[in-house]
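Each chain is listed here by its residues.
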Amino acid sequence: LDPGQGPSESGHRLAAEVQRLAPGLAPWIPLLAPLAGAEAAATPEVAALDEQFHQQRQAEALLTLLTAALRTQTVLIVDDAHWMDDASAAVLRHLAGAVDNRPWLLLVCRRVDRDPGLAHRAGAASIELPPLDGPAVSRLVREVTRDRPLAPHERDSLTDRAGGNPLFLLELLSARVQAGPGRDVSDTVEGLFAAQVDRLGPRDRRTLRIASVLGTQVPLDLLQEIIGDAVDVDALLHDFLSGEGGGMLRFRHNML
């Protein structure tokens, strides 16, 4: 599906692919549509399905469709799984239970303290990413500051404060470049982001705060409706939001 399409167009495309790959799933397209950000007309089969069985039937339909579509070796990547709601986590667990019988590798990225119920499944392997080591930090600093090199004492101070956390290091480097030499930067990631927000004008700051209430993904039309005016996306995109197509925005960092 093209992420730039609207829900209605995506629904038509989804229906065409279901007919091509697994026509027996046609009655269950309304269950598949929400998983794809699409809209689909109701069917008698879904209308007759008891609500308590929707989640299970939805997961089964998705697995059937993916099985028909992905017949060769495939990597399925699920990023930011720590933000999943319970229904999405249940679908993911259903897929994970079928991986052994299919040529698939399921790669789930999440925070170490938030598991959607996969860590202890048979056959699952966990890879915990440690902080960056000294050489990796040095390479990252050199690459990021190639055009505006830091003095050795500034570079050493920032890398020590980052503690091997690549996000914190990148934000510290960005804050140092923006602040200029001789000015201190925040000791925390939250402080860095707060300083970025404080540099916005009152209108953009209000827009950003309202967007944050809508979640990590923000429907642009809904945001404009709440604001009551056109949103100056360009003022927010560079530091805070990225465009996802289909009228959706996403926060560049979850901590915002």
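A brief report on the enclosed structure follows. Since we're looking at a predicted model, the values are computed, not measured. (Residues numbered from 1 in each chain as written. Predicted model: local features only at pLDDT ≥ 70, side-chain atom pairs only at ≥ 80, totals over all residues. Heavy atoms only, no water.)

## Let's talk about the overall build of the protein
Inclusion rule: Numbering of helices and strands starts at the N terminus; helices are DSSP runs of H or I of at least 4 residues and strands are runs of E of at least 2. The buried label goes to any residue with under 20% of its type's maximum accessible area, the exposed label to any with over 50%, and the partly exposed label to all in between, with areas taken from a 1.4 Å probe on protein chains only. In what follows, a contact means two residues having at least one pair of non-hydrogen atoms within 4.5 Å. Residue burial considers only the protein chains on display, and all accessible areas are found by Shrake-Rupley using a 1.4 Å probe.
From N to C terminus, the protein includes 12 helices and five strands. Looking at the 256 residues of the protein, the share that counts as buried comes to 33%. Long-range contacts, defined here as pairs at least 24 residues apart, represent 56% of the contacts in the protein between residues at least 6 apart. Summed over its atoms, the accessible surface of the protein is roughly 15400 Å², and 52% of this surface lies on carbon and sulfur atoms.

## Observations regarding unusual backbone geometry
Positive phi is not limited to glycine here, since Asp 80 has a value of about 55 degrees. Summarising the element assignment, Asp 80 is placed in the loop between strand S1 (74-78) and helix H5 (86-96).

## A word on the packing of aromatic side chains
Here is the rule: Put simply, two rings from Phe, Tyr or Trp (the six-membered ring, in Trp's case) pair if the centres are within 6.5 Å, and we call them stacked under 30 degrees between planes, edge-to-face over 60, tilted for the rest. Cation placement over rings: the criterion is NZ of Lys or CZ of Arg within 6 Å of the ring centroid and within 35° of the ring normal.
Under the definition given, this model contains zero aromatic pairs. Over the ring of Trp 28 we find Arg 57, and its NZ or CZ is 4.4 Å from the ring centre. Above the face of the Trp 104 ring, Arg 102 is positioned so that its terminal group lies 5.7 Å from the ring centre.

## Some remarks on a nonpolar patch on the surface
Quick note on the threshold: Two distance rules govern patches: like charges are joined within 9 Å, and nonpolar side chains (Val, Leu, Ile, Met, Phe, Trp, Tyr) within 5 Å, applied only to residues with over 30% relative accessible area and no salt bridge. The term salt bridge refers to a side-chain nitrogen of Lys or Arg lying within 4 Å of a carboxyl oxygen of Asp or Glu.
Taken together, Val 75, Ile 77, Leu 105 and Leu 107 make up a surface patch of nonpolar side chains, about 380 Å² in accessible area. Contributing elements (two or more residues each) for the nonpolar patch: S1 and strand S2 (104-108). Counting through the fold element by element, Leu 107 comes out in strand S2. Classification of Leu 107 by relative accessible area gives partly exposed; the value is 40%.

## Considerations on the environment of Arg 203
For Arg 203, the location among the structural elements is in helix H10 (residues 202-213). Between the C-alpha atoms of Arg 203 and Ile 227, which are 24 residues apart in sequence, the distance is 9.6 Å.

## Let's talk about the pattern of salt bridges
Under the criterion given, the structure shown has four salt bridges. Note that Glu 143 is salt-bridged to Arg 146, the shortest N-O span being 2.5 Å. Overall, Arg 146 belongs to the exposed group, its relative accessible area being 54%. Taken together, the shared-partner salt bridges in this structure form one network comprising Arg 13, Glu 17 and Arg 20.

## Points about the environment of Phe 240
Inspection of the secondary structure puts Phe 240 in the loop between helix H12 (233-237) and strand S4 (241-245). For Phe 240, a relative accessible area of 1% corresponds to the buried category. Between the C-alpha atoms of Phe 240 and Phe 251, which are 11 residues apart in sequence, the distance is 5.8 Å.

## Considerations on the nonpolar core
The criterion, for reference: Think of a nonpolar core as a cluster: buried Ala, Val, Leu, Ile, Met, Phe, Trp, Tyr and Cys residues, connected wherever their side-chain atoms sit within 4.5 Å.
Leu 14, Val 18, Leu 25, Trp 28, Leu 32 and Leu 106 are the most contacted members of the largest nonpolar core, which has 31 residues in total. With seven residues, helix H4 (residues 54-69) is the single largest residue contributor to this core. Among all residues touching Val 18, those that are not within four sequence positions of it are Pro 23, Leu 25, Ala 26, Ile 29, Leu 32 and Leu 65. Counting residues in hydrophobic clusters, the runner-up holds 12 residues, among them Leu 200, Ala 211, Leu 223 and Leu 249.

## What to know about the pairing of S2
Every other side chain in a regular strand lies on the same face of the sheet, so the side chains alternate between the two faces. Which entries qualify depends on this criterion: By this definition, two strands are paired if DSSP reports at least two bridges between them. By definition, the crossover connecting two strands over a helix is right-handed if that path, from the first strand to the second, turns clockwise as seen with the strands pointing away from the viewer.
One ladder, built from five bridges, connects S1 with S2; its direction is parallel. Residue pairing for S2: Val 75 is matched across the bridge by Leu 105. The handedness of the S1 to S2 crossover, carried by H5, is right-handed.

## Quick word on the packing of helix H1 (residues 7-21) against H4
Rules: Helix axes are fitted to C-alpha atoms over the stretch in contact, other axes to C-alpha atoms as well, and angles between N-to-C directions run from 0 to 180 degrees. Any angle that falls under 35 degrees is termed roughly parallel, while one over 145 is termed roughly antiparallel, one within 65 to 115 roughly perpendicular, and all others oblique. Rotating anticlockwise by less than a right angle from the far helix to the near helix defines a left-handed crossing, while the corresponding clockwise rotation defines a right-handed one. Under the grouping applied here, Gly and all other residues not named as nonpolar or charged are polar, the nonpolar ones being Ala, Val, Leu, Ile, Met, Phe, Trp, Tyr, Cys and Pro and the charged ones Asp, Glu, Lys and Arg.
The contact between H1 and H4 brings their axes to 10 Å, and the two run at 65 degrees. Accordingly, the angle class assigned to the pair H1 and H4 is roughly perpendicular. Here H1 and H4 pass one another in a crossing that is left-handed. For the pair H1 and H4, contact is made by Leu 14, Val 18 and Leu 21 and by Leu 65, Ala 68 and Ala 69, respectively. A class-by-class count of the residues in the contact of H1 with H4 yields six nonpolar, no polar and no charged.

## Observations regarding the side chain of Gln 58
With respect to the helices, strands and loops of the structure, Gln 58 is situated in helix H4. The residues contacting Gln 58, other than those within four sequence positions of it, are Leu 31, Leu 32, Leu 35 and Val 91.

## A few points about H4
Note the following rule: Expected helix span is given by 1.5 Å per residue-to-residue step, counting one fewer step than there are residues.
With 16 residues, H4 extends 22 Å from end C-alpha to end C-alpha; this agrees with the ideal 22 Å at 1.5 Å per step. The complete set of buried residues in H4 reads His 54, Arg 57, Gln 58, Ala 59, Ala 61, Leu 62, Leu 63, Leu 65, Leu 66 and Ala 68. Packing partners of the buried residues in H4 comprise H1, helix H2 (29-32), helix H3 (44-48), H5 and S2.

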